[in-house]
There are 2 protein chains.
Amino acid sequence: MSDEQNLEYLFHPQSIAVAGVSTDSTKINVGRRYVHNLLDCGFKGKVYPINPNGGEVDGLKIFPSIQDIPDKVDHVVSAIPARYALQLVKDCATRGVKAIQFFTAGFSEMGTDEGRQLELDVVNTARRNGIRVIGPNCMGLYCPRTGLSFGLNFPKQSGSVGLIAQSGGNSICCLREATTRGVYFSKVISYGNAADLNESDFLEYLAYDSETEIITAYIEGVRDISRFIAVLKNAARVKPVIILKAGATEIGSRTAASHTGAMAGSSRIWASLLRQAGAIQVDSLEEIIDIALLLSRIPYSHGKNIAVIGAGGGVTVQAADDCSKAGLDLPAVPAQVKQRLKDIYITDVGRIFENPLDIEPVAKSETIITTAKVIAECDRFDMLIMHVVFESGVADRSNTVRLYIDSILDLKDKIDKPVVVVLHYYITDENKLLALEMYKRLYEAGFAVYPSVRRAASAINKFVQYHQRHRTSES
Amino acid sequence: MSDEQNLEYLFHPQSIAVAGVSTDSTKINVGRRYVHNLLDCGFKGKVYPINPNGGEVDGLKIFPSIQDIPDKVDHVVSAIPARYALQLVKDCATRGVKAIQFFTAGFSEMGTDEGRQLELDVVNTARRNGIRVIGPNCMGLYCPRTGLSFGLNFPKQSGSVGLIAQSGGNSICCLREATTRGVYFSKVISYGNAADLNESDFLEYLAYDSETEIITAYIEGVRDISRFIAVLKNAARVKPVIILKAGATEIGSRTAASHTGAMAGSSRIWASLLRQAGAIQVDSLEEIIDIALLLSRIPYSHGKNIAVIGAGGGVTVQAADDCSKAGLDLPAVPAQVKQRLKDIYITDVGRIFENPLDIEPVAKSETIITTAKVIAECDRFDMLIMHVVFESGVADRSNTVRLYIDSILDLKDKIDKPVVVVLHYYITDENKLLALEMYKRLYEAGFAVYPSVRRAASAINKFVQYHQRHRTSES
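If you're wondering where the values come from, they're calculated on a predicted model, not measured in any experiment. (Residues numbered from 1 in each chain as written. Chains lettered and ligands numbered in written order. Predicted model: local features only at pLDDT ≥ 70, side-chain atom pairs only at ≥ 80, totals over all residues. Heavy atoms only, no water.)

Asks: Can you lay out the relation of the copies chain A and chain B for me, pointing to particular residues and giving the numbers?
Replies: There are two copies of the chain, and a rotation about an axis plus a shift along that axis relates them. Turning chain A through 180 degrees and shifting it by 0.0 Å along the axis lays it on chain B, with an RMSD of 0.0 Å. Taken together, the rotation and translation relating the two chain copies correspond to the operation of a two-fold axis. With an isologous cut-off of 70% or more, the 100% of interface residues of chain A that recur at the interface of chain B puts this contact in the isologous class. (Least-squares fit on C-alpha atoms with pLDDT ≥ 70 in both. Contact = heavy atoms within 4.5 Å.)

Asks: Outline the pairing of strand β11 (residues 214-219) of chain B, supporting the account with residue identities and numerical values.
Replies: Residue and element names in this part refer to chain B. Counting buried positions over the six residues of β11 gives six, a clear majority of the element. Burial of β11 is two-sided: the residues I214, T216 and Y218 facing one way and the residues I215, A217 and I219 facing the other way are all buried. With five bridges connecting them, β11 and strand β12 (residues 241-245) associate as parallel partners. Bridge pairing in β12 links T216 to I242. (Buried < 20%, exposed > 50% of the residue type's maximum accessible area, 1.4 Å probe, protein only. Helix = DSSP H or I, 4+ residues; strand = E, 2+ residues; numbered from the N terminus. Pairing = 2+ DSSP bridges.)

Asks: Mind laying out the interface of chain A and chain B, listing which residues take part and the relevant values?
Replies: Chain A puts 71 residues into the contact, and the matching count from chain B is 71 residues. Across the chain A to chain B interface the summed buried area is about 5,500 Å²; carbon plus sulfur atoms make up 64%. Where chain A meets chain B, there are six salt bridges. Here D283 of chain A makes a salt bridge to K325 of chain B, at a shortest N to O gap of 3.5 Å. On the surface where chain A and chain B come into contact, there are 16 residue pairs in polar contact (both at pLDDT 80 or more). (Buried area = accessible area lost by both parts, 1.4 Å probe. Salt bridge = Lys/Arg side-chain N within 4 Å of Asp/Glu carboxyl O. Polar contact = N/O pair within 3.5 Å; in protein donor to acceptor, adjacent residues only side chain to side chain.)

Asks: Summarise unusual backbone geometry; cite the residues concerned and give the values.
Replies: Omega for the peptide link from G135 of chain A to P136 of chain A comes to -5 degrees, which places this bond in the cis form. Put simply, N355 of chain B and P356 of chain B share a cis peptide bond, and its omega is 5 degrees. With respect to the secondary-structure elements, P356 of chain B resides in the loop between α11 (335-344) and β15 (357-358). Although it is not a glycine, A194 of chain A adopts a positive phi angle of roughly 55 degrees. If you trace the backbone, A194 of chain A turns up in the loop between β10 (185-190) and α5 (199-208).

Asks: So, the sheet that holds strand β7 (residues 132-134) of chain B: which residues are in play, and what are the values?
Replies: All names here are of chain B. In space, the five strands of this open sheet follow the order β2-β1-β5-β6-β7, with parallel pairing throughout. Two strands in the sheet have a free side with no partner beyond their single neighbour: β2 (46-50) and β7. Across the sheet, the axes of successive neighbouring strands diverge by a mean angle of 20 degrees, strand direction being ignored. Relative to strand β5 (residues 75-78), strand β1 (residues 15-19) is paired through four bridges, and the arrangement is parallel. Within the sheet, the bridge partner assigned to I16 lies in β5 and is H75. (Axes fitted to C-alpha atoms, helices over the stretch in contact; angles between N-to-C directions.)

Asks: I'd love a proper account of the packing of aromatic side chains, names of residues and values included.
Replies: Residues and elements named next belong to chain A. The tally for this structure, following the rule as stated, stands at 22 aromatic pairs over all chains. Centroid distance Y142 to F154: 5.0 Å. Interplanar angle 80 degrees. Geometry classified as edge-to-face. In this pair, Y142 is assigned in strand β8 (residues 140-142) and F154 in the loop between β8 and β9 (161-165), connecting sequence segments 12 residues apart. By relative accessible area, which is 0% here, Y142 ends up buried. Ring-pair connections join several aromatic residues into one group, and the members of that group are Y142, F150 and F154. Its end group placed over the ring of F447, K412 keeps NZ or CZ at 5.4 Å from the ring centre. (Phe/Tyr/Trp six-rings, centres within 6.5 Å; stacked < 30°, edge-to-face > 60°. Lys NZ or Arg CZ within 6 Å of the ring centre and 35° of its normal.)

Asks: Help me get a handle on the sheet that holds strand β1 (residues 15-19) of chain A, residues and values and all.
Replies: All names here are of chain A. Taken in spatial order, the five strands of this open sheet run β2-β1-β5-β6-β7, and their pairing is parallel. Strand pairing shows two members of the sheet lacking a second neighbour, β2 (46-50) and β7 (132-134), which therefore form its edges. When strand polarity is set aside, the average angle formed by the axes of neighbouring strands in this sheet is 20 degrees. Summarising the sheet, strand β5 (residues 75-78) and strand β6 (residues 99-102) pair through four bridges and their orientation is parallel.

Below, the structure written as structure tokens:
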């Protein structure tokens, strides 16, 4: 990788100036929030708030301009109106600034000649002075290891997932979803209009970044399709790349143009290009995390022969449909395994000892654990889905739910096949709260947990396909 | 309708005996729960618990057998083991019982000759004595108007939706989902193995039932396909019929056979039969409620030209994709309407005045209300989707969320086009709790609320299709 391509320095600034910090605490001010969020995330370098009126914020002195800062400034966050953007770049040029991230919007995404020209002027002036531009119209960078952050209460914990997102809001939704599932990030990059540094630059960087093991992306449009596909092919060769390509429909594409000035292009062409380049394609932000979760928690995959264990007749029928529709195989339970299972239970009334298994009602933790062990020992199955319905028939079911989940937690070191957990049908307020608690216990213990069999099955299928393709291309 | 077909009496028993009630409170006993749930739902008639050992439960005397009950018994709930089922029927025959509902399982769904024979014997003995059988292997009947219930904390409020469900667990999940969305039921019928009264009988009844305006169904297999389709055609002619046909895949079908002994059949044949019969087909329990919600809250539909109003660039692009993929039309905003919108806002930086509209950040309730009014006044649009993202960019967003939802609530009588609300991306624990509260406020005010644009768009599309077809077939 050339120095030009190595963007590592972006994530290690010694000092950050934030332009557009107001001291008026009665109003929401984005600049002030950036300062606050950097301090909150434990940024180790220096933070310099900037405002022509001076003052103080979060115990930090506010400087009237970049020129007034006594020390070196590596990185600048701009939260000032677009009409001051060019002057800011010129000021930065005199101070050896390496990168400016523009939260500032009002450029090419406006669809006006003025907006496009201003964006061009800003980028050209910056590049002439050795400054790289992130954005404009973006949230910027999050890197928990160095304390870089653009959001409130972003986790301080580092992880193995890198995220590139053209939309700042979506990068935040993705990060929040990840956090509630136990997925953590190496870097998150919200890059907006991609006027200078673009999706290909960041994708190339994450492909080489040793801290990043899984690449995820929300993309509306790309600047240079052939370069992007080439970079993607290289990236997908070394690590999984999960991509949500938005603006896939005609109206979505038109909307993307208004949002980030992106040319989104036809969805069918995109789907085919991404598939050929080896990307894992998804349809929603949640699905990005659904798949990253499996990839980060389960080291490898043997195949897509799944055993489904749960309780409840109707949900078991639907689990069969959902797994089949997702493309998974549900092999039948061999006769001798079926007999071993029947021996565990007093009666088979109201139970199904086929795959999917319906083993309600379960009274003892030992029963659940033995069932899972018997299934896991059967060669026919590569992976287990264990699902827990929260809503109850005739009586309160919270104790049964707790017992079931305690048993799953107990399984952790007792079987050597991956167990994917589904917690579903938590509908009443009480069950929603109970589910929150159970989710946390399970993902903290290392389990991949899903809110429906459908989402789990779809994620498993894409996970298995990725490993199969990867094995084939390696051999 | 013949007397034979009129099942109204099933929902008006003067007295119910529950067989299989244990006084041992250390164990979960289904019979005892049935007694409890009937009393809890306010059943006005008499409840007679039965157990050979006698005793007392919930302040009621337990009778050793049906014969020992001094008064007339209209309806019997059986929670005893299958081996006693035939004797129970014989006992009931001597007491003028009109219907027995068997929670009891262990019949044809076991896949054994013994199970099938026992089911046949039970039904034949019952029918010879003028007794109808519900089930076996089912939860039974819920009718809030008469206080019939089989579940814990089922709502006492009556509604316009009837539900037929082959799975008891799924009927409960459906009912819980409905309750959290503000949808209420006239009758819920969980009918299990359908050995005597089956899906066609109940469907025919609900078609004629004046209390039921919308019919919903979870079906694994049917006893007599040609009768079912004929009954369905008649029902769909007079009211909407929403059907989730489970066991649609090969493995799902195999599982359905184990669950309720149902012959599920090929999914493609089913899809085509149901479409021709005029049913609204859905894929999940949630989707049943998604569509019933619209049908019960919005009196009619003009068409599928939708305006989407919300905030956030990325989610707006995805909203466009989701609506388009669902089959909705998103007409462009006419130039003069666009100008009226721009006049409301100080700047259009960071906003999109196309459809879908991205109007973040919103500071004033008046702005939101005026925006919605301007859009609603435009002839080009039939319906509005207003969506609210809970997760925040740089700062806490709960006040903005509250303001947005207050504004939507204020809209209620100010515009004359339907407004469908989407609350989405509530991911952190705090936002999940906030969403619960906001959901309730909105649905209590009469709004149809969805957790994603995708689900709202799909429901709207099926809702519009239903009305278009219905108008065509009437003319």
